[in-house]
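An overview of the molecular structure
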Amino acid sequence: MEAALRDTYLDNAATTYPKPETVYRAMDRFARDAGGNPGRSGHHRSLQAGREVLLTREAVAGLLKAGDPSRIVFTKNATEALNIIIQGKLALGGNAVMTSLEHNSVWRPLEAMATRKGVSYSIVSCSPDGALEVSALEDALLPETRLIVCTHASNVTGSLLPLGDIAALAARRGIPLLVDAAQTAGRCELDPEGMGIDYLAFSGHKELFGPQGTGVLYIAPGAEVAPLSYGGTGSRSESSAQPDFLPDRYESGTLNAAGLAGLRAGVGFVMEKGVKKIRLHERELTQRLLDGLAHLSGITVYGPPEWKRRVGVVSFNLAGFTSSELASRLDDAYGICVRSGLHCSPLAHRTIGTLEGGTVRASFSYLSTAEDVDHLIEALGELASTSD
Ligand SMILES: Cc1ncc(COP(=O)(O)O)c(C=O)c1O
């Protein structure tokens, strides 16, 4: 009989797996014990659901050190959060500036706004190892620039951008800043009010350990834009006008309340461990992988060599394999889940010179282990020896 494959999940930059046990339990508990539609009816199940959503809002506000939980808007993912700001802020045209590491969840909405609203946008080039010169960003700003959009960390290179310096530049020039924190929420300290960030968008289902279908948008006081969608909110129902207060202005339709109950448990897990400890754990795993890869022939690793400029996301290629062949072999022969191709970020691949074939990406969460890393290194070692 064939031995069962070890199941190694290293695709946490796409979505974390597994989730902490408390996350599964919170969703199950919500579905069975609450079950009502939050903020809609007056009965106890609706009220209980509303309380769950409020507690999640307060938990996320606590994580971000945001004074007012109503500034935390729930979305279905980071993409929706980014779209609310990109489409709302640029509805009347103008210019936007983004970096060459942005995900398609930034590039495509900007391109759509260019086509539909005559928006112009420029792309600031990052270096082949994923670094951004803030002076290059400053050079790209125009008198009509209405928005700077930048990722906090690239989902391809794992490189961190200098957020403090970017926020200082945006403040100095009086230009609103939208930060895509999809790869850093739960992995790095985020304090939008302390850092002067106007808009912070991220997924709930990555390092915050919530389920898919959850996302967050933080909007600073005074930085509101027009909503992306309009409809029922359970508030001001007598009026045809969308409520103008947060979070209702941006939360039309029934929320993913069971998912948000799971997200609260995920945020609780992150806060209990502490972002510092999570980052340290991912540092150990990343260093272990980088050290292991350095001993294999035919491997090319992308992204910055120093941990200080990285998160737990490592892209690489192995000579003799396309990225999709390699990922398939890792899955089929070893039970290792990694992602291959362009990772929805073709510009980042153009930046690092891998636009044609993409890369294989291994990415960690706090629940990844040293055994997971060793399994990957061992498998790559065997595959490297067959391709010699
Ligand atoms: C940097 C970055 N931005 C945005 C997204 C989109 O996130 P979501 O799938 O939650 O919309 C991702 C997802 O991988 C990402 O890595």
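Attention here is on the structure that accompanies the text.

1. What to know about the packing of helix 2 (residues 44-63) against helix 8 (residues 257-273)
- At their nearest, the axes of helix 2 and helix 8 sit 9 Å apart, and the two run at 35° to each other. Between helix 2 and helix 8 lies a crossing of left-handed hand. Touching Glu52, Val53, Leu55, Thr56, Ala59, Val60, Gly62 and Leu63 of helix 2 are Ala257, Leu260, Ala261, Leu263, Arg264, Val267, Val270 and Met271, all from helix 8.
- Considering only residue class, the contact of helix 2 with helix 8 consists of twelve nonpolar, two polar and two charged.

2. Examining unusual backbone geometry
- Look at the link from Tyr17 to Pro18: it is a cis peptide, with omega at -5°.
- Along the chain, the position of Pro18 falls in the loop between strand 1 (8-9) and helix 1 (21-34).
- One non-glycine residue, Arg236, adopts positive backbone phi at about 45°.
- Mapping Arg236 onto the fold places it in the loop between strand 8 (215-219) and helix 8.
- Arg236 sits in the partly exposed class, given a relative accessible area of 48%.
- We note that Cys344 has phi near 60°; this positive angle belongs to a residue other than glycine.

3. Some thoughts on the packing of aromatic side chains
- Going through the model one piece at a time under the given rule, you end up with three aromatic pairs.
- Their ring planes at 65° and their centres at 5.9 Å tell us that Phe269 and Tyr366 sit as a pair that is edge-to-face. Within this pair, whereas Phe269 is found in helix 8, its partner Tyr366 is found in the loop between strand 13 (359-363) and helix 12 (370-386), the two being separated by 97 residues in sequence. Each of the two residues, Phe269 as well as Tyr366, counts as buried.
- In textbook terms, an aromatic cluster arises when at least three aromatic residues are bridged by ring pairs, as seen for Phe209, Phe269 and Tyr366.

Rules behind the numbers
Residues numbered from 1 in each chain as written. Predicted model: local features only at pLDDT ≥ 70, side-chain atom pairs only at ≥ 80, totals over all residues. Heavy atoms only, no water. Axes fitted to C-alpha atoms, helices over the stretch in contact; angles between N-to-C directions. Helix = DSSP H or I, 4+ residues; strand = E, 2+ residues; numbered from the N terminus. Left-handed = near helix turned anticlockwise from the far one by under 90°. Contact = heavy atoms within 4.5 Å. Nonpolar A, V, L, I, M, F, W, Y, C, P; charged D, E, K, R; others polar. Buried < 20%, exposed > 50% of the residue type's maximum accessible area, 1.4 Å probe, protein only. Phe/Tyr/Trp six-rings, centres within 6.5 Å; stacked < 30°, edge-to-face > 60°.

These results come straight from atomic positions and should not be treated as a statement about function.
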